[in-house]
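Architecture at a glance
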Amino acid sequence: MDETRVQDRGEAGTVGTEALDEAPPLPQARLKGGVGQPIRHDSGSKHVSGEARYLDDDPELPGTLQVYLAMSPKAHARIRAMDLAPVRMAEGVVCVLSAEDVPGINDYSPVFGDDPIFADGIVQFVGQPLFAVAAPSLKQARAAAKLAVVDYEDLPAAVTMDEGVAFADAAGEDLLTPHEMRLGDAAAALAGAPHVVEGRVETGGQDHFYLEGQIAYAWPQEDGDQVRALDRFGRRHDGEAIGLRLGFGRAAGTQADGDVEAGIAQVQRMCAAPRLLCHSLWCWRMVPSAWCSAVRCACCRLSLPTKIIRAGWVPTRFTAGGPSRLLSARCWRAAG
Amino acid sequence: MTTRFLLDEAIVEIADAAPTATLLDHLRYRLRRTGTKEGCAEGDCGACTVLVGELAGDGIAWRAVNACILFLPMLHGKALLTVESLGAGDALTPLQTCMAANGSSQCGFCTPGFVMQLYSGWRTGALSDRQSVKDVISGNLCRCTGYGPIVEAGLDLARHPLPDSSAEDAGTAKALRAARGEGVFRYEADGRLWLSPDNVDDLADTYAAHPDATLVAGATDVGLWVTKQHRDFPVMIDVSRVEDLRHVEEGPHSLFFGAGVTHREARARLAEIHPDLDEVMRRFAGYQIRNTGTVGGNIANGSPIGDLPPMLIALGANLFLRRGEAMRNLPLEDFFIAYGRQDRAPGEFVAAVEVPLLEANERFAAYKISKRLDSDISAVLAAFKLTLDGDVVTAARLAFGGMAGTPKRAAAAEAALIGRPFDADGVARAAEALREDFQPLDDLRASADYRLQAAAGCLERFRLQLAGVPSRIEEVA
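In this text the structure is predicted, and so the values were computed from the model without any measurement. (Residues numbered from 1 in each chain as written. Chains lettered and ligands numbered in written order. Predicted model: local features only at pLDDT ≥ 70, side-chain atom pairs only at ≥ 80, totals over all residues. Heavy atoms only, no water.)

**Concerning the overall build of chain B**
- The helix and strand inventory of chain B stands at 18 helices and 20 strands.
- Taken over C-alpha atoms, the radius of gyration comes to 23 Å for chain B, in line with the 23 Å a tight globule of 477 residues would show.
- The principal-axis extents of the C-alpha atoms in chain B amount to approximately 70 × 55 × 40 Å.
- For chain B, buried positions account for 58% of its 477 residues.
- A separation of at least 24 residues holds for 63% of the contacts in chain B among residues at least 6 apart in sequence.
- Split by element, the accessible area of chain B, about 18,500 Å² in all, is 51% carbon and sulfur. (Helix = DSSP H or I, 4+ residues; strand = E, 2+ residues; numbered from the N terminus. Rg over C-alpha atoms; globule rule 2.2 N^0.38 Å. Buried < 20%, exposed > 50% of the residue type's maximum accessible area, 1.4 Å probe, protein only. Contact = heavy atoms within 4.5 Å. Areas by Shrake-Rupley, 256 points an atom, 1.4 Å probe, with all protein chains shown as cover.)

The following block contains the structure:
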């Protein structure tokens, strides 16, 4: 068992029921930054007219490849074998990537280190990405992905909180690292309370993605060792998030400009480029970039002639042995 | 022939796109009008809402539809407005000004869809009070701004006088009339064929000649076969232009709904039969889907969770099918043979459904049980009609959706109610009998046990309602 992390908020105050009827106090002095003042959204007029541009609204570079993520149909299973040869042979397929192609850490999670980019030996939820297929059209990529032969051994799945706790208990582990937020002495307050009501509340709340297509578009910079990636709002994710995570040393630029008016920190977190490229997206697009001269790929273990590329990690950098091709990747959540 | 439609008064002509190419893709990737967004690609979120106008007398009838599941040839001979058709830059329309001033956008992605949907509600006079605004936007999802400021903008807009667009519409109507062709519209591209007759005889002939064709009316279901299931259809027959199927006719004791009547049109007429039908139809799918989806489609696709069939079965509806020159009819419940199987021969199509009016000694109720109030698929749809002699039940029609592989009557429960008063004891016996009638599925929407309990609960609610006991949440909350 891990040690419990405690966040002590100090002493609890007493709140009377009359407080429920009170309006929250208004700030006496005008606050900086417009807090408490109605301020028009900078992009409001563009939103209502449809002029605001999102990533998928911009034309693609000529030759952009589309990438589709094949996903697990199983909630919990061991992957006994995954034969991707038929996928690689399929019409139009330019490259296929799976866990073994990730040169760095096969993980995109921001905190717990438990979210593989591609499933590696085991799948833990329906929809978990297994591998990625790049082809000139989404239709080709999707059709090719269906040709994979995956042999699963079903494992028991925990799909409710209670089942999850039971599994963890059986394994003698905590489901998550213990964490307690403390405000005063709750046990003593309950013991001294005139009435104690017991019960259990389940909200069914879910962490959801935004409505818009989960999309990212990446393309190479001139030296080939930098790939610029954009998320759905057009924010830049230039180097660090992708590069460091995947084992490339050089971070170019900031992780994200963060100047888009989404206004919710969650977006930043979810839009970290690796997440976009690997998990929240169903498919990507890549560009063989004719405008980019030959670039060497650090992670390329297999160079195929001319237009076919075997790249270690698509969105960051790579290419072919012959005339350079693939340098851009674009991801978006397509319809199914 | 080419597909031709009017976009902002200019003719758009399409000759090479596959017949199942969607309007949304064409707008975004060919015409590069990217204000219209793709959210779900299944007609659920409304981010792709556009307005389609059709000739109606001297003017144009505008309706909001989902561009993501609208096939391009369905636009032939119609007019189209997208968010770009409204104001931009410094020249926003009052609606857009209301939205922008109210803080009705945050990430802004759903916003063009809301703008178009509210615009359609305004233009058609559907916006009045808060509930009307909520109803109009029932088919639009927002996931970050929150609906509060959007509803406020809709209320603001409702206070603005309607624009007089009759002159503009007359011009559009003139252009559409000039472009309108007669007979079967034929569009062929990408090796696939689209046929769209404009009268029922031509439809019968066309379908007889292509019995393997896929029929499409509003494409609110077939659209998903393309966008989600990626199916391919070599020949499609569009029934949405068949004028004869788009009317509701009154008989002495019944209403006849043509198969092509949309849910929105049907709702107004069903409301005349019973207010519960109006309420279920208010919550049936979203606004845009009701503008497009048809009565015939909801029946013919044979879904076990279509909301209309159980209600119509409870009312004792008769289904009219046509094949070539031959017309036959059968009780609606007999049309549904098993999951995915209906009593419909190759080349035969649903032409109309006759819905009896309620007699003085008949009592009716319909309840839609779904996780979300608006725009959600039913876990259970219960519809009941009892015929009473004094307080004794002489006939019962209890029909359910979501309880079996087809919309289905509860024969055992009906038998348990007949010949005795509709009282607590009778309901208890019928509830028990429901377990003989149904072995429902466990799925994402509900467990089997929940479905059985909910079905019995609906029956009990019906009893309480007839006894004058408040039983609806609005009555007791």
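**Concerning the overall build of chain A**
- The secondary structure content of chain A amounts to 8 helices and 13 strands.
- Burial status across chain A gives 42% buried among its 336 residues.
- Relative to all contacts within chain A whose residues are 6 or more apart in sequence, the contacts with residues 24 or more apart total 73%.
- Element-wise, carbon and sulfur atoms account for 53% of the exposed surface of chain A, whose accessible area totals about 18,500 Å².

**So, the pattern of salt bridges**
- One pass over the structure, following the stated rule, counts 42 salt bridges over all chains.
- Here Arg282 of chain B makes a salt bridge to Asp135 of chain B, at a shortest N to O gap of 2.8 Å. Highlighted residues: Arg282 of chain B in helix α10 (residues 275–282) and Asp135 of chain B in helix α4 (residues 130–136), separated in sequence by 147 residues. Across the pair, Asp135 of chain B and Arg282 of chain B agree in class, each one buried.
- Lys385 of chain B is the partner of Glu362 of chain B in a salt bridge, and the nearest nitrogen-oxygen pair spans 3.5 Å. Here Glu362 of chain B, found in strand β17 (residues 362–369), pairs with Lys385 of chain B, found in strand β18 (residues 380–389); they are 23 residues apart in sequence, far enough to count as distant. Accessibility classification places Glu362 of chain B together with Lys385 of chain B in one group, the buried group.
- One salt-bridge network, held together by shared partners, links Arg78, Arg80, Asp151 and Glu153 of chain A. (Salt bridge = Lys/Arg side-chain N within 4 Å of Asp/Glu carboxyl O.)

**Notes on helix α3 (residues 138–145) of chain A**
- Among the residues of α3 of chain A, those classed as buried are Leu138, Ala141, Arg142, Ala144 and Ala145 of chain A. All buried residues of α3 of chain A lie within an arc of 165 degrees about the axis, which places them on one face of the element. (Arc of directions from axis to C-beta.)

**Remarks on empty space enclosed by the protein**
All names here are of chain B.
- Scanning the model with the defined rule gives 6 cavities of 30 Å³ or more in all.
- Of the voids in this model, the largest cavity is the one considered here, and its volume is about 160 Å³.
- Lining of the largest cavity is provided by 16 residues; of these, Arg63, Lys78, Ala217, Ser240 and Thr292 occupy positions nearest its centre.
- At the level of elements, β3 (49–56) and β4 (59–66) are the ones that each hand at least two residues to the lining of the largest cavity.
- In terms of residue class, the lining of the largest cavity is made up of 6 nonpolar, 6 polar and 4 charged. (1 Å grid on protein atoms, 1.4 Å probe; cavity = no way out; pocket = protein on both sides within 12 Å on 5 of 7 lines; lining within 4 Å. Points joined across faces, edges and corners; volume = space filled by probe spheres on them. Nonpolar A, V, L, I, M, F, W, Y, C, P; charged D, E, K, R; others polar.)

**Details of the confidence of the model for chain A**
Residues and elements named next belong to chain A.
- For chain A, per-residue confidence averages 65 on the pLDDT scale, and residues scoring 70 or more make up 57% of the total.
- Within chain A, the element-level pLDDT minimum falls on strand β13 (residues 326–332), averaging 27, and the maximum on strand β7 (residues 149–154), averaging 98.
- Long-range and interchain partners of residues 236–336, a stretch whose pLDDT sits below 50, account for 345 contacts in this model, where long-range means more than four residues apart. (pLDDT = per-residue confidence, 0-100.)

**Some words on the sheet that holds β7 of chain A**
All names here are of chain A.
- Reading across the sheet, the 3 strands line up as β5-β3-β7 and stay open at both edges, with antiparallel pairing between neighbours. Every other strand in the sheet has two partners, leaving β5 (122–123) and β7 as the edge strands with one partner each.
- For strand β3 (residues 77–83) and β5, the ladder comprises 2 bridges, and the chain directions are antiparallel. Within β5, the position partnered with Ala77 by the bridge is Val123. (Pairing = 2+ DSSP bridges.)

**A closer look at the packing of helix α2 (residues 94–101) of chain B against helix α3 (residues 111–123) of chain B**
All names here are of chain B.
- Viewed as axis vectors pointing N to C, α2 and α3 meet at an angle of 135 degrees, and their least axial separation amounts to 10 Å. The orientation of α2 relative to α3 falls into the category oblique. Seen from above, α2 lies across α3 with right-handed handedness. Every residue of α3 that contacts α2 at Pro94, Leu95, Gln96 and Met99 is listed here: Thr111, Phe114, Val115, Leu118, Tyr119 and Trp122. (Axes fitted to C-alpha atoms, helices over the stretch in contact; angles between N-to-C directions. Parallel < 35°, antiparallel > 145°, perpendicular 65-115°, else oblique. Left-handed = near helix turned anticlockwise from the far one by under 90°.)

**Remarks on the sheet that holds β17 of chain B**
All names here are of chain B.
- If you trace the 4 strands from one edge of the open sheet to the other, you get β17-β18-β19-β20, paired in antiparallel fashion. Lying at the two open borders of the sheet, with one neighbouring strand each, are β17 and β20 (408–409).
- Pairing of β17 with β18, which is carried by 8 bridges, proceeds in the antiparallel orientation. In the sheet register, Tyr367 faces β18, and the bridge partner there is Ala382.
- Taken strand by strand, α10 contacts β17 and β18, and its axis lies near 15 degrees from that of β17.

**A short note on the pairing of strand β12 (residues 318–323) of chain B**
Residues and elements named next belong to chain B.
- Where β12 and strand β13 (residues 326–331) come together, 6 bridges link them in antiparallel fashion. Looking at β13, one finds that Arg322 is bridged to Met327.
- Count of turn residues in the β12/β13 antiparallel hairpin: 2 residues, of which Gly324 carries a positive phi of about 55 degrees.
- Pairing geometry for β12 and strand β16 (residues 349–356), over 5 bridges, is antiparallel. Bridged to Leu321 within β16 is Val350.

**Description of a nonpolar patch on the surface**
Residue and element names in this part refer to chain A.
- Judged by side-chain polarity, Val111, Phe112, Met161, Val165, Leu175 and Leu176 come together as a nonpolar surface patch covering roughly 640 Å² of accessible area.
- Residue placement: Val111 occurs in the loop between β4 (95–98) and β5.
- Take Val111: its relative accessible area is 63%, and that puts it in the exposed class. (Patch = residues over 30% accessible without salt bridge, like charges linked within 9 Å, V, L, I, M, F, W, Y side chains within 5 Å.)

**Digging into the side chain of Thr227 of chain B**
Residues and elements named next belong to chain B.
- Relative to the elements of secondary structure, Thr227 occurs in helix α8 (residues 222–227).
- Taking the relative accessible area as the measure of exposure, Thr227 reaches 11% and is therefore buried.
- For Thr227, the side chain forms a polar contact with the main-chain oxygen of Ala41, separated by 2.8 Å. (Polar contact = N/O pair within 3.5 Å; in protein donor to acceptor, adjacent residues only side chain to side chain.)

**Quick look at unusual backbone geometry**
All names here are of chain B.
- Backbone geometry places Asp190, a non-glycine residue, at a positive phi of 55 degrees.
- Structurally, Asp190 is set in the loop between β6 (185–189) and β7 (192–196).
- Although it is not a glycine, Ser375 adopts a positive phi angle of roughly 50 degrees.
- Within the secondary structure layout, Ser375 lies in the loop between β17 and β18.

**Here's the deal with the environment of Gly36 of chain A**
- With respect to the helices and strands, the residue Gly36 of chain A is situated in the loop between β1 (5–8) and α1 (44–49).
- Placed 133 residues apart in sequence, Gly36 of chain A and Asp169 of chain A show a C-alpha to C-alpha distance of 48 Å.

**Things to note about the packing of helix α9 (residues 263–273) of chain B against α10 of chain B**
Residue and element names in this part refer to chain B.
- Two elements in contact, α9 and α10, have axes separated by 6 Å at closest approach and are oriented at 155 degrees. If you check the angle between α9 and α10, you find them roughly antiparallel. Contacts between α9 and α10 involve His263, Arg267, Leu270, Ala271 and Ile273 from the former and Pro275, Leu277, Asp278, Met281 and Arg282 from the latter.
- When its residues are assigned to classes, the contact of α9 with α10 shows 6 nonpolar, 1 polar and 3 charged.

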